[in-house]
Amino acid sequence: MKIRLSLSLLLVMLCSSANAGVVSDKIRLNSLGFVPRIAKQATIAAKCSTVNVVSSADKKIVFSGMANGPFKSPDTGEELYTFDFSPVVKSGTYYIQALGVGRSADFIISNGAYDMAFYVMMRGMYLWRCGCAVSSVYKGVTYSHTACHMDDACLDETGSSGKQDATGGWHDAGDYGKYTVNAGISVGIMLKAWEQFGDNIKKIGLDIPKLNSVMPDFLSEIQWETDWLIKMQASNGSVYHKVSTLSFSGEVMPDKDTQRRYFADYSTAATADFAAVLSEAAVNFLPYDPQLSARYINAARRAMDFLEANPSNHYSNQQAFSTGKYDTSDTDDRLWAYACMWDATGEEKYLKEFEKEAAQFKVKIDADWDWGNVKNLAMLSYLFSTRPGKDKIIEADIRHGLISCADSITTTAAQDPYSRPLGSVYYWGSNGTVARQALVLFSADKISPNPAYVNTASDAIAHLFGRNYYNRSLVTGLGINPPMHTHDRRSMTMAGVAPWPGYLVGGGLTATSWKDDKSSFTTNEIAINWNSALIYAIAGFVSGEGFAAPDNTAEADFPKEDAKGEIAGLIYDGKTAGYTAQSLFFTAGSGVKNVKDGDIELPFKGGAEEQITIALKNPLKLAGYNYIEFDIKALKAATDVIYFGINADASYDKLLDIGGFIKPVAQWRKIRLPLEEMSTYGQEMMSEIVFVTQQKHRASFLINNIFLINYTPPTATISPTFTVSPVVSATATPSATQTATKTVFATPTFTQTATLTNTASPSFTPTATATIETGYKLVVDNFSNEGPLNMLSGSWYTYNDANDGGTSTIKPAPAEKFSKDSPGRTGNGRIVSVKGSVTTVFQWGYVGVGTMLDRDRKSFDLNGCKGLRFWYKGDGKAYRIKLVSKHPDFKNGGSDNHYGAEFTTGSGWQKFEMDFSDFTQEPYWGSKVEQDKAFSEVTDIQWQTKGQPYDSVELALDGIEIYGCAAEVHAKP
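Since the structure is predicted, the reported quantities are computational estimates derived from the model, not experimental observations. (Residues numbered from 1 in each chain as written. Predicted model: local features only at pLDDT ≥ 70, side-chain atom pairs only at ≥ 80, totals over all residues. Heavy atoms only, no water.)

Visitor: Help me understand the overall build of the protein chain in this model?
Guide: In terms of regular secondary structure, the protein chain is built from 16 helices and 39 strands. Among the 973 residues that make up the protein chain, the fraction classed as buried is 57%. Within the protein chain, residue pairs in contact and separated by at least 24 positions form 75% of the contacts whose partners lie at least 6 positions apart. Approximately 38500 Å² of the protein chain is accessible, and the part contributed by carbon and sulfur atoms is 52%. (Helix = DSSP H or I, 4+ residues; strand = E, 2+ residues; numbered from the N terminus. Buried < 20%, exposed > 50% of the residue type's maximum accessible area, 1.4 Å probe, protein only. Contact = heavy atoms within 4.5 Å. Areas by Shrake-Rupley, 256 points an atom, 1.4 Å probe, with all protein chains shown as cover.)

Next up, the structure:
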């Protein structure tokens, strides 16, 4: 349905707000602030000319200049202007004022502008610790959990059996796996920060529990990870690829994640990264703990011996896992190991191997790199080593390659309106690469000082803290309007509070596709390799003055937390000053008025299609919110057909049916509707709300308490059937005293006196509890047969949005005969497999696949059953599974919202298992039906896409059954 808009009113409101006193999201800059010595720029996404820098303290203009532009952004399609205010160097708090546009949020100029961010992000690394309790208070919120994953890990997937201690280390990302390859690049980059900026870093205390009282805080945090890496080594010197569950855990805190965890088979890439990191750590730890350094170098040497005996690349066998793979060939990893081992030991064999392999790389330094290519770390370790004996030609080639790469990055940033050093390149985790480019820039500056390199490193940080399309920080807890819904299982369990602080999110796969949505793991997850890269970049600007910087996080226009623990933006409540009826404008001649207690009455006169529009005096930003909520009561409702929508950025075409919420008459009902279902993608402002009826009946409604809400609905946790407590085995532990020669790592000789201490006293008896499944199963389909039928004689089918005017496609098409594919998940049998695409021609475009539980569509009463399980895989898209019911309370039939749950596919098989008690009706469509009624008449199970557009969707299903039934279940007569 298309609704005619009052555009003239909207334009008046928008123009009146574009004045110098309004904080504008069109002025985009580094919300952390600026170090006096570096260049300072802002990007303005609106036509402008004169721009001022104003002191926040006394409102005096300290600098004035002209904006440059317009520049057309090829990534965002915007017309952009840039403003350079580098001459402003005096410490203080300021804002940018662009005449005709508005003003920016406040920012600081200070030598310590980045100190707080460094502190918070390093505390984020501490909060990632696995195998111990962690706790931190930030902005009044306590982030903590007790000791987790103390049972790491089983060896079953390595070709062995039993367990090996793998406790400790950092959780890798938004999940709780621990991956050697990603640990390698993360620690390697952080050690480079210490080597290049350690004198300043060591002056910032991190307030963390330390393993070694003499170790600086920064190195002590790294030690938590390197001490875990030591545990990843097998007895033959190879290194296990990872420790994780077989499939990702649900939305639980780490100390509640009780799934069994396994080592993955070794890989030569992991083994080489292990050797590189531990030998580099050994050099940096030596002044503080010589014994630990000797232990590290010996472990690294054993890994190198294994690699020498096994010269071919070996990938880890991860067939049993659907968690992160981090598969990579080992050529660059071995190169890095040779460089670090030579720098640590001075042994010529490692030098010769490095130089032989390095000569094979025509390009010595890359601008775009991550865990799959650690060549840069290898080349820089060699280049900055102070050991004699380097090949002068290779050294010169690396030096030239470094300068050339830094020049290229600088040129790319200079040509981008946002000064993004990676330019127009976007992919999963590209925010981490933007930060990682600072290592090339700062390293180049060390051998050939150039202010452009340092300024471009600052540009990288600026892009991640607000100088971007979103005018938002992309780091939790820091900067302007930071992410609030990260794909981080810890944050997912803490609805209503800000996410765990100090984490860089991965960023959009395009310049405009980032979503602050916990389900968007491709854009809004966190990861140690991204965090470590930004920590390095920020370390280059740490003041060295000691940590005393205040928290200058900009929070202009950021929603405030209400008493319910949700983030709420008030539109109207009939009471609050400034939000009375005079703040709202009603459709002329509509008869809308305020009545008792500030309620707003909406009288519909009985036209064929009536619209009542309520305009906001000041348009509100939608950023930071995901729902709109209001109270409604029907005074007289001769029609139950009423729609609600919002006007955002001068257009809307999505109205939601709220008729199911207005009965019974004369009772207040609270409605909470998702904004994403109403606003076209990319809209930023809301200026009107609208109510529409379509039948020729008089009706009257009251509304009040209108809020924008940032709310994370509770999501059921998919838990394993079996929960087993840790199995602890006591072993004799040698207590050793080592005396080493003073020659650094030149194969030290030492005497060792060992006293075996049995740590098994007092005795420990492991206990195990298991929940044994009881009751009957209703096997819907075990996919042992061909053709379209399931095991209940019902048939499979597909559907799309064609009946709603949509153009989404699915194969097999709805009119085609359905057939199953082979092989199944285990290599035998068959599966259901569908492919398609989802368009936006129909505003809620969708495709789906379903199965009738009975050939005659007889219904099943599932109230006596516990839940549903099945196996699935796909290409990363979101789906909603629905139990379709023919209970008469579903008034709209197939268009009703039936009970269901949501899940997101991955490339490997995953198991869905959820109790029916956790299935829900979405709150905004169709009839509201009690669950017991809905479950008494179930006819179909459907899997339907959630979200659009999707250029492609792929879904495969296997092993579908309803479990825990009190008795055998049959179709009703």
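The structure having been displayed, the exposition proceeds.
Visitor: What is the right way to look at the environment of Glu545 in this model?
Guide: Take Glu545: it is sitting in the loop between α15 (528-539) and β15 (560-561). A sequence separation of 342 residues divides Glu545 from Lys203, and the C-alpha atoms of the two residues are 7.2 Å apart.

Visitor: Sorry if this is basic, but what is going on with the pattern of salt bridges here?
Guide: Here the idea is simple: oppositely charged side chains can pair when their charged atoms come close. Tallied over the entire structure, the rule returns 38 salt bridges. Where Glu913 meets Arg869, a salt bridge forms, and the shortest distance between an N and an O atom there is 2.9 Å. Of the two residues, Glu913 is situated in strand β37 (residues 910-915) and Arg869 in strand β34 (residues 867-874); the sequence distance between them amounts to 44 residues. We note that Glu913, like Arg869, is buried. Of the charged contacts, one joins Lys911 and Glu913 as a salt bridge, the two residues approaching to 3.3 Å between their closest N and O atoms. Owing to a relative accessible area of 36%, Lys911 belongs among the partly exposed residues under this scheme. With relative accessibility at 10%, the residue Glu913 sits in the buried group. Each of Lys777, Arg869, Lys911, Glu913 and Glu961 takes part in salt bridges that share partners, so that together they form one network. (Salt bridge = Lys/Arg side-chain N within 4 Å of Asp/Glu carboxyl O.)

Visitor: What should I look at first to understand the sheet that holds strand β35 (residues 878-885) in this one?
Guide: Sheet strands line up and pair through hydrogen bonds in the backbone, either parallel or antiparallel. One open sheet accounts for five strands, arranged β30-β33-β38-β35-β36; its pairing is antiparallel. On the outer flanks of this sheet lie β30 (796-800) and β36 (899-904), each paired with one strand and no other. Averaged over all neighbouring strand pairs, the angle between strand axes comes to 20°, with direction disregarded. One ladder, built from six bridges, connects β35 with β36; its direction is antiparallel. Looking across to β36, one finds that Leu883 is bridged to Tyr899. (Pairing = 2+ DSSP bridges. Axes fitted to C-alpha atoms, helices over the stretch in contact; angles between N-to-C directions.)

Visitor: Sorry if this is basic, but what is going on with the nonpolar core here?
Guide: One broad trend across soluble globular proteins is that nonpolar side chains are buried collectively. Counting residues in each nonpolar core, the largest one holds 145 residues, and the members touching the most others are Phe118, Phe218, Phe354 and Leu534. If we skip the residues at most four places from it in the chain, Leu534 touches Met121, Ala435, Ile461, Leu464, Phe465, Val475 and Leu504. Core analysis: the second largest hydrophobic core is formed by 45 residues, Val834, Val838, Leu868 and Phe919 among them. (Core = buried A, V, L, I, M, F, W, Y, C linked by side-chain atoms within 4.5 Å.)

Visitor: I keep staring at the environment of Ala934 and nothing clicks. Help me out?
Guide: Tracing the backbone shows Ala934 in helix α16 (residues 931-935). Take Ala934: its relative accessible area is 2%, and that puts it in the buried class. Once the C-alpha coordinates of Ala934 and Pro888 are considered, the two residues, 46 residues apart in sequence, prove to be 9.0 Å apart. Setting aside its immediate chain neighbours within four residues, Ala934 contacts Ser885, Phe890, Tyr899 and Val929.

Visitor: Would you mind showing me how to read the sheet that holds strand β5 (residues 68-72) here?
Guide: Spatially, four strands are ordered β1-β2-β6-β5 in an open sheet, and the strand pairing comes out antiparallel. Of all the strands in the sheet, just β1 (27-28) and β5 have a single pairing partner and so form its edges. The pairing of β5 with strand β6 (residues 79-84) spans three bridges and is antiparallel. Note that in β6 the partner of Lys72 across the bridge is Glu79.

Visitor: Before we go on, may I ask you to explain the side chain of Asn471 in this structure?
Guide: When you line up the elements, Asn471 lands in the loop between α12 (451-464) and α13 (489-492). The contacts of Asn471, once residues within four sequence positions are left out, are Ser24, Asp25, Ile27, Arg28, Gly466 and Ile480.

Visitor: Please clarify how the packing of helix α10 (residues 392-414) against helix α11 (residues 430-447) should be interpreted in this entry.
Guide: How two helices pack is summed up by the angle between their axes together with the distance between the axes. Direction vectors running N to C along α10 and α11 enclose 125°, while the axes themselves pass 9 Å from each other. For the element pair α10 / α11, the angle class is oblique. When the axes of α10 and α11 are compared, the crossing they make is left-handed. On α11, the residues that touch Arg399, Leu402, Ile403, Cys405, Ala406, Ile409 and Thr410 of α10 are Gln437, Val440, Leu441, Ser443, Ala444 and Ile447. When its residues are assigned to classes, the contact of α10 with α11 shows nine nonpolar, three polar and one charged. (Parallel < 35°, antiparallel > 145°, perpendicular 65-115°, else oblique. Left-handed = near helix turned anticlockwise from the far one by under 90°. Nonpolar A, V, L, I, M, F, W, Y, C, P; charged D, E, K, R; others polar.)

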